[in-house]
Amino acid sequence: MAEAVFRKMISDRVGCAENELRRHGYDILSAGIAATDSSPASQDAAELLAGRGIDLYDHLSRQVTSDMLSECDHVYAMTNSHLRVLQDARPDLTGRMHLVAQNGQDISDPIGGGKDVYRDCADQLTEAIRQIVDGFIRDGLIRKDDTRL
């Protein structure tokens, strides 16, 4: 869900379609520490985000790799324990790694939960990602009609 929410927010802010983000210099992806490669998003997550105008139906999970981390300018973890795992795996990149919720609270993975659990997670992610995007805007990393190629 985080990747889809992030893509939507960035594309709305930049003023481009989500499939044009890379052309504008933004590559947003998600990966999990214990994810199974190529698993689809849960039906509950896809339906929930579809109701918010966000398409998650084509999403496939993947496991995070060291190379993937190397290529990222910013890495966000949903929980403190996931953040520590990433930092232990790549201590040279610790400065790029952050908890998605700036208040320091974990956002639990909703897998296996019902619709209410997914809704709560999506709400938490949306607010946390909004704060990140607002920070990017304040820092000049994102601007409306960004035309970086």
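Everything below is about the structure shown above.
Now for a look at the structure at hand.

About the cut-offs
- Residues numbered from 1 in each chain as written.
- Predicted model: local features only at pLDDT ≥ 70, side-chain atom pairs only at ≥ 80, totals over all residues.
- Heavy atoms only, no water.
- Axes fitted to C-alpha atoms, helices over the stretch in contact; angles between N-to-C directions.
- Helix = DSSP H or I, 4+ residues; strand = E, 2+ residues; numbered from the N terminus.
- Parallel < 35°, antiparallel > 145°, perpendicular 65-115°, else oblique.
- Left-handed = near helix turned anticlockwise from the far one by under 90°.
- Contact = heavy atoms within 4.5 Å.
- Nonpolar A, V, L, I, M, F, W, Y, C, P; charged D, E, K, R; others polar.
- Buried < 20%, exposed > 50% of the residue type's maximum accessible area, 1.4 Å probe, protein only.
- Arc of directions from axis to C-beta.
- Salt bridge = Lys/Arg side-chain N within 4 Å of Asp/Glu carboxyl O.

Section: the packing of helix 2 (residues 43-50) against helix 5 (residues 115-138)
No. 1: As a packed pair, helix 2 and helix 5 sit with axes 9 Å apart at the nearest point and diverge in direction by 55 degrees. Relative to helix 5, helix 2 is oriented oblique. Between helix 2 and helix 5 the crossing geometry is right-handed. In contact with Asp44, Ala45, Glu47, Leu48 and Leu49 of helix 2, helix 5 contributes Lys115, Tyr118, Arg119 and Ala122.
No. 2: Along the lines of polarity and charge, the residues of the contact of helix 2 with helix 5 split into five nonpolar, no polar and four charged.

What about helix 2?
No. 1: Those residues of helix 2 that fall on the buried side of the exposure criterion are Ala45, Ala46, Leu48 and Leu49. Taken end-on, helix 2 shows its buried residues confined to a sector of 165 degrees, consistent with a single buried face.
No. 2: As for helix 2, its buried residues are in contact with helix 1 (2-14) and helix 5.

Re unusual backbone geometry
Negative phi characterises most residues that are not glycine, and trans characterises most peptide bonds.
No. 1: Positioned with a positive phi, Ser38 is a non-glycine residue whose angle comes to about 70 degrees.
No. 2: Position of Ser38 relative to the elements: it lies in the loop between helix 1 and helix 2.

Comments concerning the pattern of salt bridges
No. 1: Tallying each qualifying case throughout the model produces 10 salt bridges.
No. 2: Two residues, Lys115 and Asp44, come together in a salt bridge whose shortest N-O distance is 3.4 Å. Taken together, the residues Lys115 in helix 5 and Asp44 in helix 2 connect sequence positions 71 residues apart.
No. 3: Residue Lys115 is classed as partly exposed on the basis of its relative accessible area, which comes to 46%.
No. 4: A salt bridge links Asp123 to Arg52; the shortest N-O distance between them is 2.5 Å. Remark: Arg52 occurs in the loop between helix 2 and helix 3 (66-71) and Asp123 occurs in helix 5; sequence separation between them is 71 residues.
No. 5: Residue Asp123 is classed as partly exposed on the basis of its relative accessible area, which comes to 38%.
No. 6: On the accessibility criterion, Arg52 (33% relative accessible area) is partly exposed.
No. 7: Salt bridges linked by common partners bring Asp44, Glu47 and Lys115 together as one network.

Don't take any of this as a statement about function, it's just geometry.
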